Amino acid sequence: EAGVVQSPRYKIIEKKQPVAFWCNPISGHNTLYWYLQNLGQGPELLIRYENEEAVDDSQLPKDRFSAERLKGVDSTLKIQPAELGDSAVYLCASSSGTGGYTGELFFGEGSRLTVL
Amino acid sequence: QQPVQSPQAVILREGEDAVINCSSSKALYSVHWYRQKHGEAPVFLMILLKGGEQKGHEKISASFNEKKQQSSLYLTASQLSYSGTYFCGTLAGTASKLTFGTGTRLQVTL
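Below, the structure is looked at part by part. Bear in mind the structure is a predicted one, so any value in this text is a computation, not a measurement.

## Overview of the overall build of chain A
Thought 1: From N to C terminus, chain A includes zero helices and 11 strands.
Thought 2: For chain A, the sequential pattern of α-helices and β-strands runs β-β-β-β-β-β-β-β-β-β-β.
Thought 3: Taken over C-alpha atoms, the radius of gyration comes to 13 Å for chain A, in line with the 13 Å a tight globule of 116 residues would show.
Thought 4: In terms of overall dimensions, chain A has a C-alpha envelope of 40 × 25 × 25 Å along the principal axes.

## Details of the pairing of strand S11 (residues 104-109) of chain B
Residue and element names in this part refer to chain B.
Thought 1: Taking every second residue as pointing to the same face, the buried face of S11 carries Thr104, Leu106 and Val108, while none of Arg105, Gln107 and Thr109 on the other face is buried.
Thought 2: Here strand S2 (residues 9-13) pairs with S11 via five bridges, running parallel. Following the sheet pairing, Ile11 is matched in S11 by Gln107.
Thought 3: Taken together, the three bridges between strand S9 (residues 84-91) and S11 define a ladder with antiparallel strand orientation. By the bridge assignment, Tyr86 is partnered in S11 with Thr104.

## Concerning the packing of aromatic side chains
Thought 1: Enumeration according to the criterion identifies nine aromatic pairs over all chains in this entry.
Thought 2: With 5.7 Å between their ring centres and 50 degrees between their planes, Tyr35 of chain A and Phe107 of chain A make a pair best called tilted. Taken together, the residues Tyr35 of chain A in strand S4 (residues 31-37) and Phe107 of chain A in strand S10 (residues 106-107) connect sequence positions 72 residues apart.
Thought 3: Measuring from ring centre to ring centre gives 5.6 Å for Tyr34 of chain B and Phe44 of chain B, while their planes differ by 70 degrees; the resulting arrangement is edge-to-face. Separated by 10 residues along the polypeptide, Tyr34 of chain B in strand S4 (residues 30-36) and Phe44 of chain B in strand S5 (residues 43-49) bring together distant segments of the chain. You'll find Tyr34 of chain B and Phe44 of chain B in the same group, each marked buried.

Conventions used here
- Just so you know, the residues in each chain are numbered from 1, in the order the chain's sequence is written.
- Following the order in which they are written, the chains are lettered starting with A and the ligands numbered starting with 1.
- In keeping with the predicted nature of the model, local features appear solely for residues at pLDDT of at least 70, side-chain atom pairs appear and are counted solely at 80 or more, and the whole-chain, interface and lining totals rest on all residues.
- Excluded from the side-chain calculation are hydrogens and water; included are all heavy atoms of the structure.
- Each helix corresponds to a stretch of at least 4 residues labelled H or I by DSSP, and each strand to a stretch of at least 2 residues labelled E; elements are numbered beginning at the N terminus.
- Just to be clear, the radius of gyration here is over C-alpha atoms, and the globule rule we use is 2.2 Å times residues to the power 0.38.
- Burial here depends on accessible area, computed with a 1.4 Å probe over protein chains only, as a share of the maximum for the residue type. Under 20% is buried, over 50% is exposed, and the range in between is partly exposed.
- Following DSSP output, two strands are said to pair if at least two bridges run between them.
- Two rings from Phe, Tyr or Trp (for Trp, the six-membered ring) form a pair when their centres are within 6.5 Å of each other. A pair whose planes differ by under 30 degrees is stacked, one over 60 is edge-to-face, and the rest are tilted.

If you want it as structure tokens, here you go:
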């Protein structure tokens, strides 16, 4: 069975440019998460979807970040415009079921963003 | 609030044991443990629920002390493959979000 797929793996952009990351979760997983991971730190939740609905986006900087999960399957995370401090790894994860963190999260390998 | 992990880093020889601790200032419902190798995705190890039993995964086991709001991960007879960064994630309730600690970097050498 395929795992969580993310693209691109690496992205280098100039500040103020836009960038988008794509995630395809494990088939059948209702819940999808976007995490930000700074160097040497643990993952921090940006947004959690249950099917198409964003059930927790309290940590998403909405002035420059946006996300969507149309049709409740794959998802896109966008940053516009990017700032130097956005350099990090953006991890996508998925899990089966809904209603909270009751089970294993399956993470993708992440998209490493470098903003110059 | 982010859980605190200790130690921050540890170096072991193959075959030695290690303990990684995770503490929270909040009452906890569950503790989740993950391992991440450099440049790879975090991989699930186990979940410990409030009132649940100590869990085990091969030679890796964990305990959860609800009164102290602490969890400990025990690595027995470490193998080279155990190297990586271990993260605990804590959940204060079923409706809260999973908050990860800053990680413990473990290196196992020959």
